[in-house]
Structures are given as C-alpha cells and as structure tokens.
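Remarks on the overall topology
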There are 2 protein chains.
Amino acid sequence: MARASGEAVLTRAVRILAVFEPDRAEAGVAEIARLTGLHIATTSRLVAQLVELGLLSRLPSGRVGVGMRLWELGQRASPTLSLREAAMPFLEDLHAAIGHHVQLGVLDGTEVIFLERLSAPGSVVNFTRIAGRLPLHASSSGLVLLAHGSHDLQERVLASPLERLTPATVTDPRELRSLLARVRRDGVVITEGHIHPEATGAATPVRDRHGTVVAALGAVLPNDGRAGGVVAALRAAAHGIARAHTARTSDSH
Amino acid sequence: MARASGEAVLTRAVRILAVFEPDRAEAGVAEIARLTGLHIATTSRLVAQLVELGLLSRLPSGRVGVGMRLWELGQRASPTLSLREAAMPFLEDLHAAIGHHVQLGVLDGTEVIFLERLSAPGSVVNFTRIAGRLPLHASSSGLVLLAHGSHDLQERVLASPLERLTPATVTDPRELRSLLARVRRDGVVITEGHIHPEATGAATPVRDRHGTVVAALGAVLPNDGRAGGVVAALRAAAHGIARAHTARTSDSH
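Residues numbered from 1 in each chain as written. Chains lettered and ligands numbered in written order. Predicted model: local features only at pLDDT ≥ 70, side-chain atom pairs only at ≥ 80, totals over all residues. Heavy atoms only, no water.

1. Focus: the interface of chain A and chain B
What counts, and what does not: Contacts are assigned to residue pairs with any non-hydrogen atoms lying within 4.5 Å of each other. Values labelled buried area give the accessible surface lost by two parts on being combined, using a 1.4 Å probe and summing over both. Whenever Lys or Arg places a side-chain nitrogen within 4 Å of a carboxyl oxygen from Asp or Glu, that contact is recorded as a salt bridge. Think of a polar contact as two N or O atoms within 3.5 Å of one another; within protein, one of them needs to be a possible hydrogen donor and the other a possible acceptor, and neighboring residues in sequence only count if both atoms come from side chains. Helix and strand labels come from DSSP, where a helix needs a run of H or I of at least four residues and a strand needs a run of E of at least two; each type is numbered from the N terminus. Only Asp, Glu, Lys and Arg are considered charged in this grouping, and only Ala, Val, Leu, Ile, Met, Phe, Trp, Tyr, Cys and Pro are considered nonpolar; every other residue, Gly among them, is considered polar.
Contacts between the two partners involve 49 residues from chain A, matched on the other side by 50 residues from chain B. When chain A packs against chain B, close to 4,700 Å² is buried across both sides, 66% of that on carbon and sulfur atoms. Scanning the region where chain A abuts chain B turns up six salt bridges. In this assembly, chain A and chain B are joined by six residue pairs in polar contact (both at pLDDT 80 or more). Taken together, the elements giving at least two residues each to the side of chain A that touches chain B come down to helix H1 (6–17), helix H3 (40–52), helix H4 (68–76), helix H5 (81–98), strand S4 (101–108) and strand S5 (111–118) of chain A. Top contributing element to the side of chain A that touches chain B by residue count: H4 of chain A, with nine residues. Considered class by class, the residues forming the side of chain A that touches chain B number 27 nonpolar, nine polar and 13 charged.

What follows is the structure in structure tokens.
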C-alpha cells in the first residue's frame, strides 16, 4: 500500500481538525472517521498524533476535542490580533452604549468571519459568534466588506447563487449591485431582517492608515425600525478603531 | 532516502507554525528553516502546503504569516470558549471599575496561559498578552492555579528550578509551599513586584459548578501598596463568572 505523502497527511489532519465546531466541541474516533470520510485506522492514528502534538486533547471520556496548543498557535500571531486589540475598547464602549450585540468582522474568501463579538443576555437573536462566518451578500458586515472589496470578488459573488435566508435577503444580482453602491456612498448599511426576521443589522467600514477598508464594525438590533439611532455611535467607534489601529501599526514599522 | 512518516510531517508542520509569535508575526522561508532547524527544501515544501491549506498565508512581500484558517480552527471549538464568553462581561465591568489590566488565565502544563486580557492605554507595564504564558510560581494568576492544582503538579513545580524574574520572585521551594497554602486559605493572592518591579499582580480563583478551580481572574496594578482595594471587586467578578459559566454548561448538558 502506498504511503500517504506529506501533503496528504496535512490535508487529512486539517480535515480532522475541521470536524470540531461550536456545536461539536468533542467527538469520538468513529464519528470523526464518518464525518471526514477517512478510514477508521487512519483516523485513529492521526488523532493519536494530533493529541500527542497538543492540537487535539483526549477527554476523560476517551472522546477528543480541540487542544489548547491549536488555539495558542492560531491566536498569538493572528494576522488580525492587532486589529482586534485596537478595537476592543471601542467595542466595549459601543456595547455599553447600545446594549445589543456588537461585532467586528473581516473578509475571508467570500464570507465575513467575526473576530470578536460582545453580547448581552436578553439581546435580540444573533447568528454570529466568534470565528463564525456569514455570507457576504446577506449580512450587514458582509455587505460593507463586499462593497469595498475587489472588483473580482464582487463579480464572483454576483455571479454565484445568492442564498435566501429570509424573504428580505437580497438575492437579485442587480439589486445587490445597487445596494453595494449605496453602501459605498453612505458609509453605512442597515439590513432589516436579511438574516433573521427579528433582527436588524447595521455596519460601517473600519479603515487602515492607507484608507483601505480592513474590517466591518456591526451591531445587531431588534427589528423595530430604530436602528438609525446607532449609526452615529457606530461611525464614531469605527473612526476610533482606525485611529488606534493606525497608531499601533505605525509603532511597529 | 526514506520518506518522512505522517508523524514526522505533522511534527515538522507544528514546528513551523510555532515560529510565529506576537513579536514575529511574519517570517521568510530561510528564517523559518534556521529557527526550526529543518532543511531549507523541506521548509519550503511544507510552507507551501501550509499556505495551500490556509494555516499560513503568503504576504505580498513573499514572506508568510499565520493564516486565518489556523486562527479559526483553534478558536471556534476552543475548550475554553464558553468560559471566555461567560467571563467577558465581568472582565469588562471590572476593567471599567479599576482602570488597569484585567485578565483571565488557565493552566496549561506548568504555565498559565491567558485567554483574555483587557488593558487601557497608560496602564502599568504588563508582560501578559492574549495567548501569552507565564510561569506558575511567578505570576499571581499562576500561583492561584498552582495552589489549586494537583499534588503531582505542585511537586513537579516545587522540584524544578524556579526562575527569578525580580528580587521579589519566590524561588525557594519551602517559601513557595507556604505561599500556596496562604493562597488556598485566603482565596486571593497579591504579588508585589514578582514579575516586574513596577507592577503588582492580584488574582483569585474562578470555579466551575463542581467547585473545581478552572481559571484565575487577575489584575495588574501599579506597585503602590493599594492593590488590596481591588480584592473585593475581583472576588465579586470571579463569582459572577462562575455563575454565568455554570448556567452555560448546565444548558448544554
């Protein structure tokens, strides 16, 4: 039998690591084999190696979960760590001021991925979580990032099937194109019920020192027509984040 | 030449990922080869595969840094995500109340690793950062975790060389043993200048629903003899975190 090449080993290891999600924090070897489509013996051997390296950890039950080492490797030199750290005080202030979910998202592929989220018990329903993803066309943060994304990215998203999450989700490419133009013009977007009928998203761009949009600052509010009231606070916080992030990145260069 | 086994490939890949630190957010292939001791050709091939998988990302300069996918894999199912999420509102309140660094640390091996840290510009010097580590015997959070750690862990640390970071660091095993007993008795520890001459640490345990200590909640303050004033706030926040964490973990079981 041919031995797996280095590339195959890494690819398989990442497939195993990807099994673990917020809703599946632990799994047994047989479950991992089923979810990855890998042979049970291969799975068992790779899981043992990943546990040995600390990327997975073996629980008392014999099942495995994500290891502290994996979290640490990804966290400590994350490309977005300095952005997140610069943003944190502003997210706290904004969260204290509006009392609903606030979040910071960046572009990854054709999705927005959320670096940080502050929420309060009793806040309106929210589908985002830290390291969670949403499609660009549906979420307010995603629309900000798409509106300021490259031409290629926009054409790719506009040409792809646009999933309808609620009746309010914009799924018509022509409508989406004009929405993106409005987002660029207004510097803010408010999406009422595009992701969930009871929630309104509001988001605004965060720029780096060259003026490039590097993140979206967003809030998730009840769908009661009053989202306009948070726009000024969102804009002010986005400016503050940009200023703090510029100060940090100038320091280190 | 023998082909590298799967285990060797994974071990080498982790050595490469470990090159990236807060102070080394990017590196070139030659630098990575030097730091890992791997052959340049091996390094180049593995880096290319890690970039392909998104665990590393290629920068415009040709150098590489940590990829978003690595952050995401470690973050979204982190064993400590629910603890961190439960703690966040209390960290914010504490931070607002005392105006200095506050942080949440957990035990990993013979070190404390910090899951979260909130700091303010102008706060006293602090050596911790998110995903940063400190030795158990020197830091206030570490002393809390060590005091409530297993007998084996305590004996292992007491038998190992205890690094002196400042003249105030406790490096005598007998003195450390009695300090640990005091930490258990008092439920709090204040370390004046143990890590840095100008900073005082204060930390208290955070317990899970079984009463087991799962984290240390700490603050870093100026070394001006007034740390006692934050103890009640620390204790209250630690209780709040325990309550919120218990509510979460009961929900999901």
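Once you've had a look at it, read on.
2. Digging into helix H6 (residues 140–147) of chain B
Residues spaced three or four apart along an α-helix face the same direction, because each turn holds 3.6 residues. Quick note on the threshold: Residue burial is assigned from relative accessible area. The probe radius is 1.4 Å, only protein chains are included, and a residue is buried under 20% of its type maximum, exposed over 50%, and partly exposed in between.
Of all eight residues in H6 of chain B, eight are buried; the element is thus mostly enclosed. Where H6 of chain B is concerned, the buried positions are Ser140, Ser141, Gly142, Leu143, Val144, Leu145, Leu146 and Ala147 of chain B.

3. A short note on the environment of Arg129 of chain B
Tracing the chain through its elements places Arg129 of chain B in the loop between strand S5 (111–118) and strand S6 (133–135). Ignoring sequence-local partners within four residues, the contact set of Arg129 of chain B consists of Pro22, Asp23, Phe114 and Arg117 of chain B.

4. A few points about the pairing of strand S7 (residues 189–192) of chain A
Cut-off, in case you're wondering: Each pair of strands is called paired provided DSSP finds at least two bridges between the two strands.
Alternating residues of S7 of chain A divide into Val189 and Thr191 of chain A, all buried, and Ile190 and Glu192 of chain A, none buried. In this structure, the hairpin formed by S7 of chain A and strand S8 (residues 199–207) of chain A is closed by a connection of six residues, where Gly193 of chain A is found at a positive phi of approximately 75 degrees.

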